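Report on the structure
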Amino acid sequence: NAGVTQTPKFQVLKTGQSMTLQCAQDMNHNSMYWYRQDPGMGLRLIYYSASEGTTDKGEVPNGYNVSRLNKREFSLRLESAAPSQTSVYFCASSDRRSNTEAFFGQGTRLTVV
Amino acid sequence: QQQVKQSPQSLIVQKGGISIINCAYENTAFDYFPWYQQFPGKGPALLIAIRPDVSEKKEGRFTISFNKSAKQFSLHIMDSQPGDSATYFCAARGTSGSRLTFGEGTQLTVNP
């Protein structure tokens, strides 16, 4: 049981380049999330998907797009990377009910130079 | 806007001491309050959680205290151990949607 799998684990981009972060979960969860983690800022929600076919903006969506490809997969795309997007990105998933655990992937450490 | 505020940002405790981390929330629609623990290089993992219909929940050395009227909740780690050194996040989630909102995080260091 792999849980939540993110790829890649590390990435260095040049300013202006694009890339897609991949996330897949095998727990049959309805809800999936993308967070970014920065020192002193905690985990900030970028986008989330309450169920297959739906996506909604979180606190910091600017500069990002997402695709809920199917129930298992939720990708995050940076169309034109900026140094301010240097961060650690976490994908998570959970059952849709409010009182259930969210499971996190191992994270992607992204550096934009 | 940060709907869940966490303090302190960092905390140093001696082995055997009590670690206390506090959180305050604004949204009265929140009805699930988990704490997550994160070790370096890893994703956060659920540590303990509480619903607002109880004032306290204890699991081993970890206790959540919840004050609904003050809209505050806290994590107490009794007999803190060096292995507890990690970053701790409080969070909140409501029934109206599925999004989970996190506090800023507390970096806990337990000295041997």
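Residues numbered from 1 in each chain as written. Chains lettered and ligands numbered in written order. Predicted model: local features only at pLDDT ≥ 70, side-chain atom pairs only at ≥ 80, totals over all residues. Heavy atoms only, no water.

For the rest of this paragraph, the subject is the overall build of chain B. Regarding its fold elements, chain B presents zero helices and eleven strands. From first element to last, N terminus to C terminus, chain B shows the α and β order β-β-β-β-β-β-β-β-β-β-β. Here chain B has a C-alpha radius of gyration of 13 Å; the compact-globule value for 112 residues is 13 Å, and the two agree. Along the first, second and third principal axes, the C-alpha atoms of chain B reach 45 × 30 × 20 Å. Among the 112 residues that make up chain B, the fraction classed as buried is 47%. For chain B, the proportion of contacts with a sequence separation of at least 24, taken over those separated by at least 6, is 54%. Of the side chains in chain B, 11 bear a positive and 8 a negative charge, and the two mean positions are spaced by 4 Å. (Helix = DSSP H or I, 4+ residues; strand = E, 2+ residues; numbered from the N terminus. Rg over C-alpha atoms; globule rule 2.2 N^0.38 Å. Buried < 20%, exposed > 50% of the residue type's maximum accessible area, 1.4 Å probe, protein only. Contact = heavy atoms within 4.5 Å. Lys, Arg positive; Asp, Glu negative; His and termini not counted. Charge placed at Lys NZ, Arg CZ, Asp CG, Glu CD.)

Residue and element names in this part refer to chain B. Grouped together as the largest cluster of nonpolar side chains are 24 residues, with contacts concentrated most on Phe 33, Trp 35, Phe 73, Leu 75 and Tyr 88. Residue assignment for this core shows that the elements contributing at least two residues are strand S2 (10-14), strand S3 (19-25), strand S4 (30-38), strand S5 (45-50), strand S7 (62-67), strand S8 (72-77), strand S9 (86-94) and strand S11 (106-111). When residues in this core are grouped by element, the largest group, four residues, is from S9. Other than its neighbours up to four places away in sequence, Tyr 88 contacts Gln 6, Ile 21, Tyr 36, Gln 37, Leu 47, Phe 62, Leu 75, Ile 77, Gly 105, Thr 106 and Leu 108. (Core = buried A, V, L, I, M, F, W, Y, C linked by side-chain atoms within 4.5 Å.)

Time to look at the interface of chain A and chain B. Many structure descriptions define interface size as the accessible area lost when the parts assemble. Of the residues lining the interface, 27 residues belong to chain A; the matching set on chain B comes to 23 residues. Between chain A and chain B, the buried area comes to about 2000 Å², and carbon and sulfur atoms account for 48% of it. Here chain A is connected to chain B by zero salt bridges. Along the contact surface separating chain A from chain B lie seven residue pairs in polar contact (both at pLDDT 80 or more). For the side of chain A that touches chain B, the secondary-structure elements that each account for two or more residues are strand S4 (31-38), strand S5 (42-49), strand S9 (87-94) and strand S10 (102-104) of chain A. A per-class count over the side of chain A that touches chain B returns ten nonpolar, eleven polar and six charged. (Buried area = accessible area lost by both parts, 1.4 Å probe. Salt bridge = Lys/Arg side-chain N within 4 Å of Asp/Glu carboxyl O. Polar contact = N/O pair within 3.5 Å; in protein donor to acceptor, adjacent residues only side chain to side chain. Nonpolar A, V, L, I, M, F, W, Y, C, P; charged D, E, K, R; others polar.)

Another point: the sheet that holds strand S1 (residues 4-7) of chain A. Residues and elements named next belong to chain A. Here we have four strands laid out as an open sheet, ordered S1-S3-S8-S7, and antiparallel in their pairing. Two strands lie at the open edges of the sheet, namely S1 and strand S7 (64-68), each paired on one side alone. Between one strand and the next, the sheet's axes are offset by a mean angle of 15°, whatever the strand orientation. With five bridges connecting them, S7 and strand S8 (residues 74-78) associate as antiparallel partners. Residue Asn 65 lies in a different strand from S8, and its bridge partner there is Arg 77. (Pairing = 2+ DSSP bridges. Axes fitted to C-alpha atoms, helices over the stretch in contact; angles between N-to-C directions.)

Below, the discussion takes up the pairing of S7 of chain A. Side chains of S7 of chain A alternate between two faces, with Tyr 64, Val 66 and Arg 68 of chain A buried and Asn 65 and Ser 67 of chain A left unburied. Turn length for the S7 of chain A-S8 of chain A hairpin, with the two strands adjacent in sequence and antiparallel, is five residues.

Take the state of the cysteines next. Residues and elements named next belong to chain A. Summed over all chains, the structure comprises two disulfides over all chains. Between the sulfur atoms of Cys 23 and its disulfide partner Cys 91 the distance amounts to 1.9 Å. Looking down the S-S bond of the Cys 23 and Cys 91 bridge, the torsion is -75°, so its handedness is left-handed. With Cys 23 in strand S3 (residues 19-25) and Cys 91 in strand S9, this pair connects stretches of sequence that are 68 residues apart. Given a relative accessible area of 3%, Cys 23 falls into the buried group. Assessed through its relative accessible area of 0%, Cys 91 is described here as buried. (Disulfide = S-S within 2.5 Å.)

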